[in-house]
Amino acid sequence: MSESLKAFGEVLKVLRKRAGLTQEQFAPMVGYSVPMAASIEQGRRLPSKTFVDRSEEVLDAFGVVRAAAKHLTRKAGLARWFEKWAELEALAVTLYTFESRFVPGLLQTPAYARTLFEEQIPAMGDDQIEVHLTARMERTKILTERPHTIYSFIIEEHALRRQVCAPEAMREQIDHILELCKRRNIDIQVMPQSRGYHAGLGGPLRLLETSENAWHAYSEGQETGHLISDPKVVSILQQRYARMRTQALSFEESVSLLREIRGAL
């Protein structure tokens, strides 16, 4: 728990009691379970934007709930090991991503992301799914809100062909990626299945440059994530990513393949 979470919970509790509502009465009015609402009030969970907006309306809070939410420091729906990277990611001036498992999170549509959360093991409750989905979609906003940041994505072809969700949702996902390809600061390349060995076989990789021109890397496995700041290690990973960019299809070839994949759905 952070102090800002506890402070938000106290504000929410005071406003709820002022409205003459118990937790059991309040929770369904904002569309959340009683345990989830109680966790937020106790400062153990960060509320989603939906929760904040509904609480503001239900409690007739004159903007107090939204104002308190602006000072929250934890990110709901993010794994503990990913939080630091997410903070750096939101301020990066350069961001490189190689993904071999699925469509990278920053490129995902709500339908695609929802399927990943709904099928996760152990199973999530509906409230958890909504919180994680909100966090994922909030992250994607940096692609449009930071037009001066340079984004590079390299995605394995099989990750794009894997039908994670229904065909119509997959078509929407590919269409979304094609639309992002039109942005001048976003470069998307596909690593073709025909490519045998390539420099990314060690697994997914992310690199970023801060406004102070410091570089960091991030690697992730099941239930783990590792933020790398050692310049020597980061340099090695930069070399691998540079090699991958030469081994993947060109931007134009990648767009052509994306359209082919979309047409086959």
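Residues numbered from 1 in each chain as written. Predicted model: local features only at pLDDT ≥ 70, side-chain atom pairs only at ≥ 80, totals over all residues. Heavy atoms only, no water.

*Asks:* Outline the overall build of the protein chain, listing residues and values.
*Replies:* Secondary structure summary: the protein chain contains 13 helices and 6 strands in total. If you line up the protein chain on its principal axes, its C-alpha atoms span 65 × 45 × 35 Å. With 265 residues in all, the protein chain has 47% of them scored as buried. Sequence-distant contacts, at least 24 apart, represent 74% of the contacts inside the protein chain between residues at least 6 apart. The centroid of the 35 positive side-chain charges in the protein chain is displaced by 2 Å from the centroid of its 34 negative side-chain charges. (Helix = DSSP H or I, 4+ residues; strand = E, 2+ residues; numbered from the N terminus. Buried < 20%, exposed > 50% of the residue type's maximum accessible area, 1.4 Å probe, protein only. Contact = heavy atoms within 4.5 Å. Lys, Arg positive; Asp, Glu negative; His and termini not counted. Charge placed at Lys NZ, Arg CZ, Asp CG, Glu CD.)

*Asks:* I'd like a rundown of the sheet that holds strand E6 (residues 224–228), residues and numbers included.
*Replies:* Paired through their backbone hydrogen bonds, the strands of a sheet run either parallel or antiparallel. The 6 strands are arranged E3-E2-E1-E4-E5-E6 in an open sheet whose pairing can be described as mixed. If you trace the sheet from one side to the other, it starts and ends with strand E3 (186–191) and E6, each paired once. Strand-to-strand twist in this sheet, taken as the mean axis angle between neighbours without regard to direction, amounts to 10 degrees. Strand direction decides the pairing type here: strand E1 (residues 94–99) and strand E2 (residues 150–156), joined by 6 bridges, are parallel. (Pairing = 2+ DSSP bridges. Axes fitted to C-alpha atoms, helices over the stretch in contact; angles between N-to-C directions.)

*Asks:* Describe in detail the packing of aromatic side chains, supporting the description with residues and values.
*Replies:* Each pair of aromatic rings is reported with the distance of its centres and the angle of its planes. Enumeration according to the criterion identifies 6 aromatic pairs in this entry. Ring centres 5.7 Å apart and planes at 45 degrees place the aromatic pair Tyr-96 and Trp-215 in the tilted group. Linking Tyr-96 in strand E1 with Trp-215 in strand E5 (residues 215–221), this pair joins segments that are 119 residues apart in sequence. In textbook terms, an aromatic cluster arises when at least three aromatic residues are bridged by ring pairs, as seen for Phe-26, Tyr-32 and Phe-51. In this structure, Arg-245 is placed above the aromatic ring of Tyr-96, and the distance from its NZ or CZ to the ring centre is 5.4 Å. (Phe/Tyr/Trp six-rings, centres within 6.5 Å; stacked < 30°, edge-to-face > 60°. Lys NZ or Arg CZ within 6 Å of the ring centre and 35° of its normal.)

*Asks:* Outline the side chain of Glu-99, supporting the account with residue identities and numerical values.
*Replies:* By the secondary structure assignment, Glu-99 is in strand E1. Only 2.7 Å separates the side chain of Glu-99 from the side chain of Arg-101, close enough to count as a polar contact. If sequence neighbours within four positions are ignored, Glu-99 has contacts with Pro-104, Ile-154, Ile-155, Glu-156 and Pro-204. (Polar contact = N/O pair within 3.5 Å; in protein donor to acceptor, adjacent residues only side chain to side chain.)

*Asks:* Tell me about helix H3 (residues 34–41), residues and numbers included.
*Replies:* Of all 8 residues making up H3, 6 are buried, and the element is well covered by its neighbours. Listing the buried residues of H3 in full gives Met-36, Ala-37, Ala-38, Ser-39, Ile-40 and Glu-41. Two or three places before Met-36, at the start of H3, stands the capping residue Ser-33, its side-chain oxygen 3.2 Å from that residue's backbone nitrogen. After H3 finishes, the residue Gly-43 shows a positive phi value of roughly 80 degrees.

*Asks:* Mind laying out the layout of surface pockets, listing which residues take part and the relevant values?
*Replies:* In this structure, the largest pocket occupies an estimated 1400 Å³ of space. Considering the residues around the largest pocket, the lining is formed by 35 residues, among which Ala-79, Trp-81, Gln-120, His-132 and Glu-223 are closest to the centre. When residues of the lining of the largest pocket are traced back to their parent elements, those giving at least two are helix H7 (110–118), helix H8 (126–140) and E5. Per element, the largest residue contribution to the lining of the largest pocket is 6 residues, and it comes from H8. Residues belonging to the lining of the largest pocket are distributed by class as follows: 16 nonpolar, 8 polar and 11 charged. (1 Å grid on protein atoms, 1.4 Å probe; cavity = no way out; pocket = protein on both sides within 12 Å on 5 of 7 lines; lining within 4 Å. Points joined across faces, edges and corners; volume = space filled by probe spheres on them. Nonpolar A, V, L, I, M, F, W, Y, C, P; charged D, E, K, R; others polar.)

*Asks:* A description of the state of the cysteines should follow, citing residues and the corresponding values.
*Replies:* Evaluated as defined, the whole model comprises 0 disulfides. You can see Cys-181 has no disulfide; the closest cysteine sulfur is in Cys-165, sitting 18 Å from it. (Disulfide = S-S within 2.5 Å.)

*Asks:* I'd love a proper account of the environment of Pro-35, names of residues and values included.
*Replies:* Secondary-structure assignment places Pro-35 in helix H3. Accessibility expressed as a relative area gives 57% for Pro-35, which makes it exposed. Separated by 220 residues in the primary sequence, Pro-35 and Val-255 place their C-alpha atoms 46 Å from one another.

*Asks:* Report on the nonpolar core, specifying residues and quantitative values.
*Replies:* Within the largest apolar cluster, 37 residues are counted, with the highest numbers of intra-cluster contacts made by Leu-107, Leu-143, Phe-153, Leu-160, Ile-177, Ile-188 and Leu-258. Elements with a minimum of two residues in this core: helix H6 (83–89), helix H9 (142–145), E2, helix H10 (157–161), helix H11 (167–180), E3 and helix H13 (251–264). Among the elements that take part in this core, H11 stands out by supplying 6 residues, more than any other. Apart from residues no more than four positions distant in its own chain, Ile-188 is found in contact with Leu-107, Phe-153, Ile-155, Ile-177, Leu-180, Cys-181, Phe-251 and Ser-254. Counting 21 residues, the second largest nonpolar core, distinct from the first, contains Leu-5, Phe-26, Val-52 and Ala-68. (Core = buried A, V, L, I, M, F, W, Y, C linked by side-chain atoms within 4.5 Å.)

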